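Single-letter residue listing:
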Amino acid sequence: MSRYYSKSKLLRRGRAMWGSYQVWRMRLVFWLGALAIGAVSVGFARLADLAQHLFSTARTAGEWTFLLPLVITPLGFVFCAWLAMHFFPNAQGSGIPQAIAARHLHDREDRARLLNLKLAVGKIVLTITGLLSGASIGREGPTVQVGASIMLQAARWGGVEQARGLILAGSAAGIAAAFNTPLAGIVFAIEEMSRSYESRTNGAVLTAVILAGIAALGLNGNYTYFGGAPSTTLHASDWWMVVICGIGGGLIGAIFSTAALRGARRIKRWAQPDVRRRMLMLAGASGLAIALLGILSSGATFGTGYEQARAAVEGTAPSPFFFIEKLAATFISMMSGIPGGIFAPSLSVGAGFGSTVATLLGASISLGALVGMAGYFAGVVQAPMTAFVIILEMSDSRESVIALMAASMLGYIAARFISSEPLYHGLSRAFIADSIRASRAHQRPAAP
């Protein structure tokens with residue numbers, strides 16, 4: 001009897017460990033979703049780079065072509081805004097607030113309004129169109145919404161109901177594949193997306209990041225986003241630069257974040273009488289402002305700012321005023337209502353600020369760019385661990401670990417004095433409110 005009992009117990013344990021056919025089917029769908037996120041992220045990155053190259057080529061093709069943005073950029077902004085309103089609602093902006101909002105919604109249809117495959121396609125197309133127009137936007141935030149949409153759709157096909165955990169996993173996989181930063185993907189999921197550690201989803205997040213990373217590495221090879229930072233020795237005098245870049249970057253980032261939250265709310269109220277017409281007017285005016293800024297800065301403020309940030313990390317400082325110009329271009333692009341992220345532009349702003357401080361202090365440009373990115377990015381998103389880890393992985397700057405950690409924490413502390421609400425979570429409130437209103441309107445019975 002005891003032998004029979006122990007054998008049946010082992011069989012139950014074996015079934016629990018290996019799972020049934022249904023469990024393995026769900027796992028397979030989930031794994032394929034994570035691999036798809038990696039592949040789509042690589043394709044998205046290549047198309048985004050091509051779009052920036054085409055815009056730059058058109059702008060510099062002839063003697064007077066530097067004036068082309070005065071036409072291309074406003075028209076491109078209006079076209080993006082029109083497509084977003086008519087065909088891809090909830091595609092506007094970064095995409096991270098939509099993923100955060102979807103995690104707070106309990107109804108499947110409400111989540112589907114913010115995360116679905118049609119929206120993922122639209123997000124990619126519209127972000128590329130924005131970069132073709134010279135917008136100061138990035139693809140990394142949109143990749144989060146795309147990744148979460150793919151994972152949620154995979155969950156529906158596999159019959160998985162743990163939507164919150166899968167949105168978290170898809171978002172983490174999107175960040176990991178976009179930057180080739182697997183650790184940053186995990187930290188981003190814990191710190192920024194969930195604001196807490198959920199033990200039930202940690203395995204899903206880790207698995208999604210690994211599989212998306214494998215897909216990205218298979219298609220792109222191993223690389224560091226900003227190349228390799230030159231070897232730098234941290235001297236005692238450099239700590240003044242770390243403190244200035246941390247606190248200064250955090251304060252500037254918090255000002256940007258606060259202005260963005262207040263600006264988004266005021267624009268929403270201003271647009272209410274005639275939303276479509278007014279938002280198209282705003283997009284056109286924003287595009288014209290971006291074109292003028294780009295021409296005045298000799299093209300430095302167009303696009304993601306990746307080239308300027310990478311050059312600063314490698315020791316070549318951009319113009320001392322680049323970070324101010326790029327910050328203005330990023331803010332205008334964000335307020336215009338077109339789809340696009342602020343991850344890469346924010347890193348370029350931080351790199352410009354840090355390299356300017358380093359130049360004034362006679363310190364290492366490379367180290368200044370790194371700690372400037374850490375301080376500013378931590379100030380914008382108020383996620384110091386994400387800022388530190390993502391910059392460490394992107395630049396392979398292990399010698400600057402303590403400096404990056406210090407700048408990130410100083411930036412976060414400084415930002416909290418100005419803004420108590422993280423940017424992405426503040427922006428997500430509007431999507432949550434709109435989803436609740438849409439759900440109530442759908443449930444309300446029609447008037448007799």
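You'll find the structure just up there.
As the structure is a prediction and not an experimental result, all values here were calculated from the model.

S.K.: So what exactly am I meant to see when it comes to the overall build of the chain here?
M.R.: The helix and strand tally for the chain stands at 19 helices and zero strands. Here the chain holds 448 residues, and the buried ones make up 55% of them. Of the contacts made within the chain by residues no fewer than 6 positions apart, 81% connect residues no fewer than 24 positions apart. Accessible surface, the chain: about 19800 Å² in total, of which carbon and sulfur atoms supply 66%.

S.K.: For this particular structure, what's the right way to read the packing of helix H4 (residues 96–104) against helix H7 (residues 140–158)?
M.R.: In a pair of packed helices, the angle between the axes and the distance between the axes together describe the arrangement. Where H4 meets H7, the closest approach of the two axes is 7 Å, and the angle between their N-to-C directions is 35°. Together, Ile96, Gln98 and Ala99 of H4 and Gly141, Val144, Gln145 and Ala148 of H7 make up the contact between the two elements. The residue makeup of the contact of H4 with H7, split by class, is four nonpolar, three polar and no charged.

S.K.: Which parts of the structure should I look at to understand helix H18 (residues 401–418)?
M.R.: Residues separated by three or four positions in an α-helix point in the same direction, a consequence of the helix having 3.6 residues per turn. Under the 1.5 Å per step criterion, the end-to-end length of H18 is 27 Å for 18 residues, consistent within 8% with the ideal 26 Å. The complete set of buried residues in H18 reads Ala403, Leu404, Ala407, Ser408, Gly411, Ala414 and Ala415. The buried residues of H18 occupy an angular sector of 140° when projected down its axis, which confines them to one face. In H18, the exposed residues that point more than 90 degrees away from the buried face are Ile402 and Phe417. Each element contacted by the buried residues of H18 is listed here: helix H11 (238–271), helix H16 (365–381) and helix H17 (384–395).

S.K.: Is there a simple way to think about the pattern of salt bridges in this case?
M.R.: Side-chain pairs of opposite charge can arise whenever the charged atoms involved come near each other. Enumeration according to the criterion identifies six salt bridges in this entry. Between Glu421 and Arg265 there is a salt bridge, and its shortest N-O distance comes to 3.0 Å. Residue Glu421 is found in the loop between H18 and helix H19 (423–443), and its partner Arg265 is found in helix H11; the two are separated by 156 residues along the sequence. For Glu421, a relative accessible area of 19% puts it in the buried group. Look at the salt bridges and you will find they share partners, linking Arg265, Glu421 and Arg429 into a network.

S.K.: What is the right way to look at the nonpolar core in this model?
M.R.: Side chains of nonpolar character tend, in soluble globular proteins, to be buried together. The biggest cluster of nonpolar side chains holds 71 residues, and the ones touching the most others in it are Phe256, Met334, Phe343, Ile391 and Leu423. Here the element with the most residues in this core is H16; it accounts for 12 residues. Sequence-distant contacts of Ile391, defined by excluding residues within four places in its chain, comprise Leu347, Leu370, Met373, Ala374, Ser397 and Leu404. Grouped together as the second largest cluster of nonpolar side chains are 29 residues, Ile37, Phe77, Leu131 and Ala155 included.

Cut-offs used in this document
- Residues numbered from 1 in each chain as written.
- Predicted model: local features only at pLDDT ≥ 70, side-chain atom pairs only at ≥ 80, totals over all residues.
- Heavy atoms only, no water.
- Helix = DSSP H or I, 4+ residues; strand = E, 2+ residues; numbered from the N terminus.
- Buried < 20%, exposed > 50% of the residue type's maximum accessible area, 1.4 Å probe, protein only.
- Contact = heavy atoms within 4.5 Å.
- Areas by Shrake-Rupley, 256 points an atom, 1.4 Å probe, with all protein chains shown as cover.
- Axes fitted to C-alpha atoms, helices over the stretch in contact; angles between N-to-C directions.
- Nonpolar A, V, L, I, M, F, W, Y, C, P; charged D, E, K, R; others polar.
- Expected span 1.5 Å × (residues − 1).
- Arc of directions from axis to C-beta.
- Salt bridge = Lys/Arg side-chain N within 4 Å of Asp/Glu carboxyl O.
- Core = buried A, V, L, I, M, F, W, Y, C linked by side-chain atoms within 4.5 Å.

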